[in-house]
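Okay, here's what each chain looks like letter by letter:
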Amino acid sequence: MSRQIIWTLAQKELRDALHNRWFLLYTIAFIGLSLALSYMSLAGAGIAGFAGFGRTAASLINLVLLIIPLMALTVGAQSLAHEQEQGTLAYLLAQPVTRVEVFIGKYLGLALSLLASLGLGFGIAGVVLALSNGAGSPMAYISLVWQTFLLSLTMLSVGFLVSALTKRAGVAIGIGLFLWLTFVFLGDLGLMGTAITMRLPVEQLLWLSLLNPLQVFKMAAILDINATLDLLGPAGIYAMQEYGAQLRGVFLMLTALWILAPALAAYMRFRLRGDF
C-alpha cells in the first residue's frame, strides 16, 4: 500500500468536494446560523451582543445535529456510487492502484473536506466571538468542534456503506436522506414517545439512546459543556450514576465503533464487488 498514491487520491477527492456547490451552501448556512445563535442566545435575558463561548456551544448542539449528519451522509453516499455510475471508478481501478488505496484515499479526502468545512464555519464564528469579547472559556467551544468532527466521520462511514451497497448515486442519496431522517426522528422526541408507549425502564431507555450516533454525540457534547446530563432527563442521570467518570470513555468507544464498523463493512463490500 503506497502512501503517495493514497495522498494523491485524497487530494483529488478533496478538490472535487470543495468545488461542490452543496459544500459551499452548507458552509454558508452553518456560518450564518452559528453567528445568529450566538447573537440571540442572550436575547432572552435582554442583553444585546454576542454570547460567550460556552453558551454558544450549547446553542450550536441542535444546529450541528441537523446540518452535519446531512452533509456527511450526502457526500459519503455518492462517493462510490456516483463514480461507478459515471464509469470513472472502473477506469480508476484499471490503473496500478489497489482497492484499499482507492478506498482509503477517497475516505481521507472526504474526511479532510468535512474538516475544512467545519473549521471554516466554527473558525469564523469563533473569531467573531473573540473579537466581540465573548465571555467564558473557549474550551467548551473547542470541545464541540472536536465532537462535531467525530460525528461527521460517523455519518461519513455510514454514507460510504450505503454507497458501497448501491449502484446509482440517486438511490444512494435517497437512502442517505432516509437514514438522516431516521436518526433525527429517533432523537429526543422519538425516544420519549417510545419510552411512554412501551413503558421502558430507565436503563433500557439509556441503551436505546446509545444506539443512535446522534444521541451519543449530544450526550457527549452536553457532558463536556455542563459536566452533567441532567438536561437529558432520567436516562442522563442514570448514566452519570452508573458510569460516573468513565462515561466519557463509553461515549468515545461508541463513537469509534460507529466510525470503524460501517467503514470496514463498506470496504469489504467494495473489495468483493466484481461489477467494476
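Look above for the structure.
Residues numbered from 1 in each chain as written. Predicted model: local features only at pLDDT ≥ 70, side-chain atom pairs only at ≥ 80, totals over all residues. Heavy atoms only, no water.

1. Some thoughts on the overall build of the protein
Okay, so step 1: Check the secondary structure of the protein and you find twelve helices and zero strands.
Okay, so step 2: The burial tally for the protein puts 47% of its 276 residues in the buried class.
Okay, so step 3: Relative to all contacts within the protein whose residues are 6 or more apart in sequence, the contacts with residues 24 or more apart total 79%.
Okay, so step 4: A total accessible area of about 13,700 Å² is found for the protein, and carbon and sulfur atoms account for 69% of it. (Helix = DSSP H or I, 4+ residues; strand = E, 2+ residues; numbered from the N terminus. Buried < 20%, exposed > 50% of the residue type's maximum accessible area, 1.4 Å probe, protein only. Contact = heavy atoms within 4.5 Å. Areas by Shrake-Rupley, 256 points an atom, 1.4 Å probe, with all protein chains shown as cover.)

2. Notes on the packing of helix α6 (residues 139-165) against helix α12 (residues 247-272)
Okay, so step 1: Contact geometry for α6 and α12: axes closest at 8 Å, N-to-C directions at 25 degrees. The angle between the axes of α6 and α12 places the two elements in the roughly parallel class. The interaxial crossing formed by α6 with α12 has left-handed handedness. Of the residues in α12, those touching α6 at L150, L153, T154, S157, V158, F160, L161, A164 and L165 are L252, T255, W258, I259, P262, A263, A265, A266, R269 and F270.
Okay, so step 2: Of the residues assigned to the contact of α6 with α12, the class counts are 15 nonpolar, three polar and one charged. (Axes fitted to C-alpha atoms, helices over the stretch in contact; angles between N-to-C directions. Parallel < 35°, antiparallel > 145°, perpendicular 65-115°, else oblique. Left-handed = near helix turned anticlockwise from the far one by under 90°. Nonpolar A, V, L, I, M, F, W, Y, C, P; charged D, E, K, R; others polar.)

3. Observations concerning a nonpolar patch on the surface
Okay, so step 1: Taken together, the side chains of M1, W7, I104 and L108 define a hydrophobic patch exposed on the protein surface, amounting to about 390 Å² of accessible area.
Okay, so step 2: Inspection of the secondary structure assignment puts W7 in helix α1 (residues 3-18). (Patch = residues over 30% accessible without salt bridge, like charges linked within 9 Å, V, L, I, M, F, W, Y side chains within 5 Å. Salt bridge = Lys/Arg side-chain N within 4 Å of Asp/Glu carboxyl O.)

4. Topic: the packing of aromatic side chains
Okay, so step 1: The full count for this structure, using the stated rule, is five aromatic pairs.
Okay, so step 2: Both rings, one in F103 and one in F160, keep their centres 5.3 Å apart while their planes meet at 75 degrees; by these two values the pair is edge-to-face. Placement of the pair is F103 in helix α5 (residues 99-131) and F160 in helix α6, with a sequence separation of 57 residues. Exposure class is identical for F103 and F160. Each is buried. (Phe/Tyr/Trp six-rings, centres within 6.5 Å; stacked < 30°, edge-to-face > 60°.)

5. Quick word on the side chain of Q147
Okay, so step 1: Looking at where Q147 falls in the secondary structure, it is placed in helix α6.
Okay, so step 2: Residue Q147 is classed as buried on the basis of its relative accessible area of 12%.
Okay, so step 3: In this structure Q147 touches F217, A220 and D224, once residues within four positions along its chain are discounted.

6. Details of the nonpolar core
Okay, so step 1: Counting residues in hydrophobic clusters, the biggest one holds 56 residues, and the most contacted among them are I61, V102, F122, L144, L156, F160 and F217.
Okay, so step 2: Among the elements that take part in this core, helix α3 (residues 53-86) stands out by supplying 14 residues, more than any other.
Okay, so step 3: Sequence-distant contacts of F217, that is, excluding residues within four places in its chain, are made with I61, V64, L65, L144, Q147, T148 and L151.
Okay, so step 4: Counting residues in each nonpolar core, the second largest holds eleven residues, with L206, M219, A239 and L254 among its members. (Core = buried A, V, L, I, M, F, W, Y, C linked by side-chain atoms within 4.5 Å.)

7. So, the packing of α6 against helix α7 (residues 169-185)
Okay, so step 1: Orientation of α6 relative to α7, taken along the N-to-C sense of each, is 140 degrees, at an axis distance of 9 Å. One way to sum up the angle between α6 and α7 is to call them oblique. In this structure, the crossing between α6 and α7 has a hand that is right-handed. Where α6 abuts α7, its residues M155, V158, V162 and S163 lie against A172, I175, L179 and F183.
Okay, so step 2: Classifying every residue of the contact of α6 with α7 by side-chain character gives seven nonpolar, one polar and no charged.

8. Remarks on the pattern of salt bridges
Note that side chains of opposite charge can pair when their charged atoms are close.
Okay, so step 1: Taken as a whole and judged by the stated rule, the model has four salt bridges.
Okay, so step 2: As a salt-bridge pair, K12 and E83 come within 3.7 Å of each other at their nearest N and O atoms. Taken together, the positions of K12 in helix α1 and E83 in helix α3 put the pair 71 residues apart, joining distant regions of the chain.
Okay, so step 3: Here K106 and E83 are joined by a salt bridge, their closest N and O atoms 2.4 Å apart.

9. Brief notes about α6
Okay, so step 1: If you check α6, its first and last C-alpha atoms are 40 Å apart, about what 27 residues at 1.5 Å a residue would give, namely 39 Å.
Okay, so step 2: When you tally the buried positions in α6, you get 21 out of 27 residues, the bulk of the element. (Expected span 1.5 Å × (residues − 1).)

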